[in-house]
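Results of the structural survey
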Amino acid sequence: MAKVLTPQNDDFPRWYQELVAKAELADNGPVKGQQVIRPTGFALWERMVSEMDDRIKETGAENASFPLLIPQSYLSREAEHVEGFAPECWTVTHAGGKELEEPVVVRPTSETVIGEYMAKWVQSYRDLPLLLNQWCNVMRYEMRTRLFLRSSEFLWQEGHTAHATRDDAAGYNRRILHEVYQDFMENVVALPVLTGLKTAAERFAGAINTFACEAMMRDGKALQMGTCHELGQNFAKAFDIQYLGNDGQQHHAWTTSWGTSTRMIGGLIMGHGDDNGLRVPPRLAPVQAYVMTVKDGEGVGETAAKTHAALRAAGVRSKLDTRGDVPFGRRAVDAELKGYPVRVEIGPRDVAAGKVTLVRRVAGTKTPVPIDGVTEAIAEALETDQKALYDESLAFRASHTTDVSTLDEAIEAAGAGFARLAWDACGVDGETKAAERGVTVRCLQRADGSVPDDLDEPDLVATLSRSY
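Here's a quick rundown of the structure. (Residues numbered from 1 in each chain as written. Predicted model: local features only at pLDDT ≥ 70, side-chain atom pairs only at ≥ 80, totals over all residues. Heavy atoms only, no water.)

So, about the state of the cysteines. Per the counting criterion, the structure on display carries 0 disulfides. Considering cysteine sulfurs only, Cys443 is the nearest to Cys426, which forms no disulfide, with 12 Å between them. On the basis of relative accessibility, which here comes to 8%, the residue Cys426 falls in the buried class. Cys443 forms no disulfide, and the closest cysteine sulfur to it belongs to Cys213, at a distance of 9.2 Å. (Disulfide = S-S within 2.5 Å. Buried < 20%, exposed > 50% of the residue type's maximum accessible area, 1.4 Å probe, protein only.)

Attention now goes to the packing of helix α2 (residues 39-58) against helix α6 (residues 166-187). Running from amino to carboxyl end, α2 crosses α6 at an angle of 155°, the nearest separation of the two axes being 10 Å. Taken together, the axes of α2 and α6 lie roughly antiparallel to each other. Where α2 crosses over α6, the two elements pack in a sense that is right-handed. Across the interface between the two elements, Met48, Glu51, Met52, Arg55, Ile56 and Glu58 from α2 touch Arg175, Glu179, Val180, Tyr181, Asp183 and Phe184 from α6. Across the contact of α2 with α6, the residue classes tally to 6 nonpolar, no polar and 6 charged. (Axes fitted to C-alpha atoms, helices over the stretch in contact; angles between N-to-C directions. Helix = DSSP H or I, 4+ residues; strand = E, 2+ residues; numbered from the N terminus. Parallel < 35°, antiparallel > 145°, perpendicular 65-115°, else oblique. Left-handed = near helix turned anticlockwise from the far one by under 90°. Contact = heavy atoms within 4.5 Å. Nonpolar A, V, L, I, M, F, W, Y, C, P; charged D, E, K, R; others polar.)

Another point: the pattern of salt bridges. Across all of its chains, the model carries 30 salt bridges by this definition. Residues Arg55 and Asp183 are paired through a salt bridge, measuring 2.7 Å at the closest nitrogen-oxygen approach. Remark: Asp183 occurs in helix α6 and Arg55 occurs in helix α2; sequence separation between them is 128 residues. Arg55 gets classed as buried once you look at its relative accessible area, which sits at 18%. When the shortest N-O distance is used, the salt bridge between Arg218 and Glu392 registers 3.0 Å. Taken as a pair, Arg218 in the loop between β10 (209-216) and β11 (222-230) and Glu392 in helix α12 (residues 374-399) lie far apart in primary sequence, 174 residues in all. The partly exposed category is assigned to Glu392, whose relative accessible area is 32%. (Salt bridge = Lys/Arg side-chain N within 4 Å of Asp/Glu carboxyl O.)

Time to look at the packing of aromatic side chains. Scanning the entire structure with this criterion turns up 10 aromatic pairs. Here Arg77 stacks its cationic end above the ring of Tyr74, 4.8 Å away from the centre of that ring. The ring of Tyr468 is capped by Lys221, whose NZ or CZ atom sits 5.0 Å from the centre of that ring. (Phe/Tyr/Trp six-rings, centres within 6.5 Å; stacked < 30°, edge-to-face > 60°. Lys NZ or Arg CZ within 6 Å of the ring centre and 35° of its normal.)

Quick look at the environment of Thr165 now. Residue placement: Thr165 occurs in the loop between β8 (153-163) and α6. Assessed through its relative accessible area of 40%, Thr165 is described here as partly exposed. Residues Thr165 and Gln233, spaced 68 residues apart in sequence, show a C-alpha to C-alpha distance of 9.8 Å.

Moving on, we get to the sheet that holds strand β16 (residues 318-321). Taken in spatial order, the 5 strands line up as β16-β15-β17-β18-β19 in an open sheet, and their pairing is mixed. Only two strands of the sheet have a single neighbouring strand rather than two, namely β16 and β19 (366-370). For this sheet the average axis-to-axis angle between neighbouring strands, irrespective of direction, equals 25°. In this structure, strand β17 (residues 342-346) lies alongside strand β18 (residues 355-360), joined through 4 bridges in antiparallel fashion. Within the sheet, the bridge partner assigned to Val344 lies in β18 and is Leu358. (Pairing = 2+ DSSP bridges.)

Formed by 53 residues in total, the largest nonpolar core has its most connected members in Phe148, Tyr181, Phe184 and Ile269. Residue assignment for this core shows that the elements contributing at least two residues are α1 (12-22), α2, α6, β10, β11, α8 (263-272) and α10 (328-338). When residues of this core are assigned to their parent elements, the largest contribution, 7 residues, is made by α6. Tyr181 has contacts with Met52, Gln157, Ile176, Cys213, Thr227, Cys228, Trp258, Gly259 and Thr260, leaving out every residue within four places of it along the chain. Within the second largest apolar cluster, 25 residues are counted, among which are Tyr74, Leu75, Val105 and Leu128. (Core = buried A, V, L, I, M, F, W, Y, C linked by side-chain atoms within 4.5 Å.)

From the geometry alone we can't say anything about function, so treat these as descriptive.
Right under this line is the structure:
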């Protein structure tokens, strides 16, 4: 197979940029920081949306749609929130050829506008919990941009909920963290994630607690894949989200927000990609089996069509490629770049022998398979390779994670992966010192790897790393 990418070990950022371009995933937009997601990349996002949306709805949340433009006065109601997001806001001051009476902000996130409507819709404890989610685009100004990882406009889902008690809000937030985000990232995207509590310095603006999913990329850096925020009563008080309790008294609600974005595509690329291109986990892949004719004639086209139909009938997401005007080698390289889990290559000699050639992207194998057994062979390969990708990522993370006892050791170890250090040995001062060296505390966990409820718990363990 011809090498068309810079090797990861030579120049990881360049490898990433080349892969995004050559696999036809995305392109830069006309305004700095914008991105155009091409069909191959958008198909990955559609699969992510489908899998995530099912899980979100299983928790009881419902989809809605809120405005893109938010009055600037809304943001100013929650002091920490406006301070945190003000530098990232895109502001509209003119419309219809006239200056607006009040500037409006292109949503960077929707806590404020959704809070305004929660206050209208919540009157009684019977209206709670109110569980909302929306799929939309947001805009945040970025100085240094990189496709999928850090762009001024991106696609995401943002969930927003209101609850009668803090315990109910915290419990639901944990369901999203584990049952939606962690489950999807590990069982579909095949990337193991650390779930933990963010430090006060890394906490979402206006939240009382932020929890995150952190994955290790193949260069040893961390990527934050998703976050869940306990907002306490801060936004409820700012937007007057009150309800009449069954005790006959008025109470402020407790709210949460949580989100994941097209950044997960960047995580997929950097977490599983190799020097030949993408490796898409079979459960996520928009195309699980790519049926290709090597050369037409002698029953090749008919066999390919029948194989494609049989795979689709068996529930495999199959794509048929019978193009005779594009060289086979070029099509094979393209399939490798785009990470199709399985290729089914069919030529005249295969048909004559009653077989097809099965090429597995993850295992890297090429195997002749009887035509009448190809569906079963592919089903087995897809399941095996899904597990193989997860196991490989888990082993990579384990081999690039070091337990240390001092901050200096943690900063040094973070150059090659994750460093685990007692939070008491780091603390806020150590976190500041590490940040000066380009190392951040990704999350805090209990010693057994479980997620703490707050920063006041004793014996917490910090994971430090360089990050995207």
